[in-house]
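A structural walkthrough
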Amino acid sequence: MQCDQCGERPAAVHLTQIVNDSVTTVHLCEQCAAEKGVQTGATVAKFPLSDFLASMGKGASTQIPVGDDVAECKSCGGTLQDFRDSGRLGCPECYRAFASHLRDLLRRLHGSSQHVGELYTASNAAVDQAAPTVADLRDQLRRAVEVENFELAADLRDRIRVIE
Amino acid sequence: MTFDINLVPDGGISWLDASGSDGNIVLSTRVRLARNLKDQPFTVRSRPEDNQVVLDQVERASRASRQLHDAPLIRIDHLQGNERQLLQERHLISRELAELGDDGKVRAAAALLTDGSVGIMVNEEDHVRLQCLRSGFSLQEAYSDLERLDADIGAQLAFAFHEEFGYLTSCPTNAGTGLRASVLIHLPGLVLTKEIAKVLQGLSQVGLTFRGLYGEGSEVVGNFFQLSNQTTLGKSEGELLEHLGDMVRKVIEYEQQARHVLQRDAPTVIADKVWRAYGLLKYARSLSFDETMNLLSGVRLGVGLNLIPDISVYTLNKLSVFAQPAHLAMSEGRELGDSELAVVRAAYTRQLLEEDATR
């Protein structure tokens with residue numbers, strides 16, 4: 001069977017599509033299928049997922065809307081632009097500084113942003129400061145609103161809700 | 001050599017002994033957990049003195065753990081390139097930690113603590129990468145070893161943990177559980193029957209991925225594939241392991257079916273292929289590593305199909321590690337050029353196969 005598209009090479013991909021309630025089958029050669037963006041076993045083997053994964057952190061980070069690049073993590077000074085360039089965050093606090101962006105990204109990467117695995121409970125030896133009280137958080141919230149850091153403010157509001 | 005690999009219990013290669021479940025098809029199982037310290041920048045942004053603080057804290061915590069209280073600490077940043085390569089060839093450290101690239105500069109205070117099976121890479125992409133390597137197909141056992149270590153050192157260290165995102169990692173692809181489990185599996189049957197692309201595509205649709213022999217970014221050599229979970233967040237550790245385990249069991253089944261088909265439909269072709277591979281390995285006078293791995297794949301298939309007697313899977317596993325460049329250089333006690341390496345490799349291979357045949 002020849003390829004429906006080029007009529008030259010033998011058809012190797014048989015694509016069945018449902019369009020407007022009618023079933024159509026298209027027979028394509030590997031090359032035309034690739035041009036049409038149809039993923040076949042052969043193309044999958046040629047482009048191992050590892051490459052895709054290796055570039056995923058970086059590629060995914062480029063999907064973050066431009067415009068918020070100036071936002072800076074107070075702890076390490078890293079910005080979203082840094083993350084976009086390297087695919088790596090600067091420090092654990094970046095997850096709070098860029099929470100809303102990362103939440104979207106994590107959902108795209110993992111299908112969820114909510115951890116359901118083992119919970120980490122810091123031991124006495126490890127805890128260097130007590131968990132902030134609602135009063136502390138409210139204070140931080142007020143300051144965040146004052147400096148118009150709404151991302152942090154939203155995060156603090158969520159944390160206060162959780163505690164209350 | 002400034003360090004002695006024999007300091008590592010069992011040389012860190014007890015996983016080679018083919019004692020684990022499905023040892024004929026699954027070479028090894030590896031599970032790792034990524035963790036970071038709460039108040040330290042990730043290694044992409046850290047200064048050498050930050051890395052030293054991380055190492056000091058992790059070492060102290062390890063000394064208080066059940067598994068690593070007297071484990072040797074190997075400073076990767078104090079090693080020569082060939083020594084780092086040796087550890088990487090044994091799968092004891094990652095390519096990232098070994099930094100074997102041309103411009104590779106090893107991260108300050110990069111280190112390995114290991115009891116041979118369970119270990120911690122320090123100052124890798126994340127501050128702490130706990131890992132366990134086991135023979136054959138044994139996800140649950142590998143994870144329970146790690147769980148103990150995680151609990152022990154987690155009690156001593158302040159890990160970066162977020163109520164929503166879980167364990168925080170330098171790359172968001174690892175956040176949540178920080179768990180990556182991988183199974184190194186030999187699939188010549190699926191490659192020969194050309195079913196492999198379909199199987200790999202199927203795996204990608206169920207949230208799994210594959211890599212080559214040495215993990216991320218490495219090529220597939222000798223029909224060895226590392227199958228692992230792609231996502232780390234939104235599912236529990238148990239669910240991630242169970243899902244990977246179920247899928248690996250399916251792949252093993254497909255591989256066995258493919259082998260059955262090959263033997264039924266093309267017995268002479270297969271017998272010829274595996275004996276040729278054995279003949280070449282046994283008599284060649286110069287072998288590249290890739291060729292060695294491909295021939296070993298043929299012989300391993302022959303052993304699996306009971307066509308080649310007298311060769312143990314252990315010998316084949318051992319060859320796949322000890323025929324690598326840094327290992328050959330170690331056994332010769334000097335650096336070897338490529339052509340010399342190929343000659344030494346062929347001699348070593350011959351010797352090991354002869355020893356096995358006369359045992």
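Since the model is a prediction, treat every value here as computed from it, not as a measurement.

Remarks on helix α9 (residues 289-304) of chain B
Residues and elements named next belong to chain B. A rise of 1.5 Å per residue sets the reference length of α9, with its 16 residues, at 22 Å; its end C-alpha atoms lie 22 Å apart and thus fit the reference within 8%. Of all the 16 residues making up α9, twelve are buried; the element is thus mostly covered by neighbouring parts of the structure. Within two residues after α9, N306 carries a phi angle of roughly 60 degrees, on the positive side.

Points about the sheet that holds strand β5 (residues 128-135) of chain B
Residues and elements named next belong to chain B. One open sheet accounts for eight strands, arranged β2-β3-β4-β5-β1-β8-β10-β9; its pairing is antiparallel. Both outer strands of the open sheet, β2 (73-75) and β9 (208-211), are each paired with one neighbouring strand and no more. When the angles between neighbouring strand axes are averaged without regard to direction, this sheet yields 20 degrees. With four bridges joining them, strand β3 (residues 111-114) and strand β4 (residues 118-122) adopt antiparallel strand pairing.

Regarding the pattern of salt bridges
Overall, the coordinates contain 23 salt bridges over all chains when judged by the stated rule. In this structure, B:E59 engages B:R63 in a salt bridge whose closest nitrogen and oxygen atoms are separated by 3.3 Å. Placement of both B:E59 and B:R63 in helix α1 (residues 48-63) is noted, with a separation of four residues, approximately one turn of the helix. The shortest N-O distance in the salt bridge between B:D152 and B:R66 comes to 3.0 Å. On the criterion of sequence distance, the pair formed by B:D152 in helix α4 (residues 139-154) and B:R66 in the loop between α1 and β2 is long-range, its members being 86 residues apart. The class for B:D152 is buried, based on a relative accessible area of 13%. Linked through salt bridges whose partners overlap, the residues forming this network are A:R88, B:E124, B:E125, B:D126 and B:R129.

Considering the packing of helix α7 (residues 134-146) of chain A against helix α8 (residues 150-163) of chain A
All names here are of chain A. Running from N to C, α7 and α8 cross one another at 160 degrees; their axes reach a closest spacing of 9 Å. Here α7 lies roughly antiparallel to α8, going by the angle between them. Two packed elements cross with a definite hand, and for α7 against α8 that hand is left-handed. Every residue of α8 that contacts α7 at V134, L137, R138, Q140, L141, A144 and V145 is listed here: F150, L152, A153, L156, R157, R159, I160 and I163.

Observations regarding the pairing of β3(B)
All names here are of chain B. On β3, burial covers both faces: A111 and L113 on one face and L112 and T114 on the other are all buried. Across three bridges, β2 lies against β3 in antiparallel orientation. Paired with L73 across the two strands is L113, which belongs to β3. If you look at the hairpin formed by β3 and β4, you'll find three residues sitting between the two strands, and G116 has a positive phi there, around 105 degrees.

Quick word on the nonpolar core
Residues and elements named next belong to chain B. Core analysis: the biggest nonpolar cluster contains 54 residues, and I120, I153, I185 and L227 have the highest contact counts within it. Broken down by element, the residue count for this core peaks at eight residues, all from helix α7 (residues 237-265). Non-local contacts of I120, meaning those with residues more than four positions away in its chain, are made with V58, S62, L68, A111, L112, L113, V128, R129, L130, L149 and I153. Counting residues in hydrophobic clusters, the runner-up holds 40 residues, among them I13, L213, V299 and A346.

Focus: the environment of B:Q201
Residue and element names in this part refer to chain B. Its location among the elements puts Q201 in helix α6 (residues 196-205). With relative accessibility at 16%, the residue Q201 sits in the buried group. Linking Q201 and H162, residues 39 residues apart in sequence, is a C-alpha distance of 33 Å.

What to know about the environment of B:K273
All names here are of chain B. Tracing the sequence through the fold places K273 in helix α8 (residues 267-283). A residue is classified by how much of its surface remains accessible, and K273, at 43% relative accessible area, is partly exposed. Along the primary structure K273 and G302 are separated by 29 residues, whereas in three dimensions their C-alpha atoms are 8.7 Å apart.

Some words on the confidence of the model for chain A
All names here are of chain A. Residues of chain A with pLDDT of at least 70 account for 66%, and the chain-wide mean is 73. By mean pLDDT, helix α2 (residues 41-46) is the weakest element of chain A at 44, and helix α5 (residues 94-97) is the strongest at 94. Note that pLDDT drops below 50 for residues 41-64; the model gives that stretch 46 contacts with residues more than four away or on any other chain. Confidence drops under a pLDDT of 50 for residues 124-130, and excluding neighbours within four residues, the segment shows eight contacts in the predicted structure.

Considerations on the packing of aromatic side chains
All told, the structure shown has eight aromatic pairs over all chains when counted by the stated rule. Ring geometry for A:Y120 versus B:F159: centroids 5.3 Å apart, planes at 45 degrees, classification tilted. Here A:Y120 is found in the loop between α6 (99-110) and α7, whereas its partner B:F159 is found in the loop between α4 and β6 (161-162) on a different chain. For the residue pair A:Y120 and B:F159, the accessibility class agrees, reading buried in each case. Judged by centre distance (5.8 Å) and plane angle (65 degrees), the rings of B:W275 and B:Y278 are edge-to-face. With B:W275 and B:Y278 both in helix α8, this residue pair falls three residues apart, about one helical turn.

Digging into the side chain of B:T169
Examined against the element boundaries, B:T169 turns out to sit in the loop between β7 (166-167) and β8 (179-186). For B:T169, a relative accessible area of 0% gives the class buried. Within the local environment of B:T169, its side chain forms a polar contact with the backbone oxygen of B:C171, the two atoms lying 2.7 Å apart. Setting aside its immediate chain neighbours within four residues, B:T169 contacts A:L89, A:Y95, B:A34, B:N36, B:F42, B:D126, B:N174 and B:A175.

A short note on the interface of chain B and chain A
Taken together, the contact between chain B and chain A spans 52 residues of the former and 49 residues of the latter. Both faces considered, chain B and chain A share a buried interface measuring about 4,100 Å² in area, 60% of it formed by carbon and sulfur atoms. It is B:R45, B:E164 and B:P172 in chain B that bury the most area against chain A; as a group they hold 16% of the surface buried on that side. Where chain B touches chain A, the interface holds four salt bridges. A:R96 is the partner of B:E163 in a salt bridge, and the nearest nitrogen-oxygen pair spans 3.6 Å. Seen at the junction of chain B and chain A, the total is 17 residue pairs in polar contact (both at pLDDT 80 or more). Counting residues per element, the ones that place at least two in the side of chain B that touches chain A are α4, β6, β7, α6, β9 and α7 of chain B.

Conventions used here
Residues numbered from 1 in each chain as written. Chains lettered and ligands numbered in written order. Predicted model: local features only at pLDDT ≥ 70, side-chain atom pairs only at ≥ 80, totals over all residues. Heavy atoms only, no water. Helix = DSSP H or I, 4+ residues; strand = E, 2+ residues; numbered from the N terminus. Expected span 1.5 Å × (residues − 1). Buried < 20%, exposed > 50% of the residue type's maximum accessible area, 1.4 Å probe, protein only. Pairing = 2+ DSSP bridges. Axes fitted to C-alpha atoms, helices over the stretch in contact; angles between N-to-C directions. Salt bridge = Lys/Arg side-chain N within 4 Å of Asp/Glu carboxyl O. Parallel < 35°, antiparallel > 145°, perpendicular 65-115°, else oblique. Left-handed = near helix turned anticlockwise from the far one by under 90°. Contact = heavy atoms within 4.5 Å. Core = buried A, V, L, I, M, F, W, Y, C linked by side-chain atoms within 4.5 Å. pLDDT = per-residue confidence, 0-100. Phe/Tyr/Trp six-rings, centres within 6.5 Å; stacked < 30°, edge-to-face > 60°. Polar contact = N/O pair within 3.5 Å; in protein donor to acceptor, adjacent residues only side chain to side chain. Buried area = accessible area lost by both parts, 1.4 Å probe.

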